[in-house]
Amino acid sequence: MSKNDGSGTTVRPLLRLYLAGDAPGARRALESRMRLLAAAAEPIEIEIIDILERPAEAEAAGILATPTLSDEGVTPPRRLVGDISNTARVLEFFGYRDKDASR
């Protein structure tokens, strides 16, 4: 699901993971992020935004709860709030293939 930016350059899909500091939910979300990156059939990028360090970005995006995984490259943004540990479902929700499912 890589995209071409019009100049012939392939752009990796970007998701944003909004979390709050080092809370247990934030730590679980970071672990899930690593599993998502490993499970995706194609390269994706998941940017981490700690709302305690960058509150203006969270406010501008309308983030009300953490953890939130967001694809802001589509309108309206697609978002999952809370548990993102089920990698197959999360990848499917955002339209990405799972390595195991593509065999």
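Above: the structure in question.
Criteria and cut-off values
- Residues numbered from 1 in each chain as written.
- Predicted model: local features only at pLDDT ≥ 70, side-chain atom pairs only at ≥ 80, totals over all residues.
- Heavy atoms only, no water.
- Helix = DSSP H or I, 4+ residues; strand = E, 2+ residues; numbered from the N terminus.
- Buried < 20%, exposed > 50% of the residue type's maximum accessible area, 1.4 Å probe, protein only.
- Polar contact = N/O pair within 3.5 Å; in protein donor to acceptor, adjacent residues only side chain to side chain.
- Contact = heavy atoms within 4.5 Å.
- Phe/Tyr/Trp six-rings, centres within 6.5 Å; stacked < 30°, edge-to-face > 60°.
- Pairing = 2+ DSSP bridges.
- Axes fitted to C-alpha atoms, helices over the stretch in contact; angles between N-to-C directions.
- Salt bridge = Lys/Arg side-chain N within 4 Å of Asp/Glu carboxyl O.

Asker: What's the story with the side chain of D71 in this structure? I'm lost.
Answerer: Within the element layout of this structure, D71 appears in strand 5 (residues 68–71). The buried category is assigned to D71, whose relative accessible area is 6%. There is a polar contact of 3.0 Å between the side chain of D71 and the backbone nitrogen of G73. D71 has contacts with L14, L15, P77, R78, F94 and Y96, leaving out every residue within four places of it along the chain.

Asker: Got a minute to help me understand the packing of aromatic side chains in this structure?
Answerer: Given two aromatic rings, their pairing is described by the distance between the two centres and the angle made by the two planes. Applying the stated rule across the entire model yields one aromatic pair. Ring geometry for F93 versus F94: centroids 5.0 Å apart, planes at 90°, classification edge-to-face. Its relative accessible area of 29% is what places F93 among the partly exposed residues.

Asker: In this structure, what is going on with the environment of P55? I would like to understand it.
Answerer: One can find P55 in helix 2 (residues 55–61). Put simply, P55 and A20 are 35 residues apart on the chain and 9.7 Å apart in space, counted from C-alpha to C-alpha.

Asker: Before we go on, may I ask you to explain the sheet that holds strand 3 (residues 14–19) in this structure?
Answerer: Strand-to-strand pairing in sheets goes through backbone hydrogen bonds, with the strands running parallel or antiparallel. Pairing within the open sheet is mixed, and its four strands lie in the order 4-3-5-6. In this open sheet, the two strands that pair with only one neighbour each are strand 4 (45–50) and strand 6 (78–81). Strand-to-strand twist of the sheet, defined as the mean angle between neighbouring strand axes without regard to direction, takes the value 20°. With four bridges joining them, strand 5 and strand 6 adopt antiparallel strand pairing. Bridge assignment links L69 to a residue of strand 6, and that residue is L80.

Asker: Explanation requested: the environment of D50 in the structure shown.
Answerer: Here D50 shows up in strand 4. Distance in space between the C-alpha atoms of D50 and G21 is 6.0 Å, their sequence separation being 29 residues. Not counting residues up to four positions away in its chain, the partners in contact with D50 are L19, A20 and G21.

Asker: I keep staring at the pairing of strand 4 and nothing clicks. Help me out?
Answerer: Remember that side chains alternate between the two faces of the sheet whenever the strand is regular. Two elements, strand 3 and strand 4, share six bridges in a ladder whose sense is parallel. Pairing of R16 across the sheet is with E47, part of strand 4.

Asker: Just checking my understanding: could you explain the pattern of salt bridges for this structure?
Answerer: Side chains carrying opposite charge are able to pair once their charged atoms draw close together. In the structure shown here, the tally under the stated rule is seven salt bridges. R16 is the partner of E47 in a salt bridge, and the nearest nitrogen-oxygen pair spans 2.9 Å. Taken together, the residues span a long stretch of sequence, with E47 in strand 4 and R16 in strand 3 at a distance of 31 residues. Note on R16: relative accessible area 24%, which makes it partly exposed. Between R79 and E72 there is a salt bridge whose closest N-O contact spans 3.7 Å. By relative accessible area, which is 27% here, R79 ends up partly exposed. For E72, a relative accessible area of 27% puts it in the partly exposed group.

Spatial relationships are all this shows, so hold off on functional conclusions.
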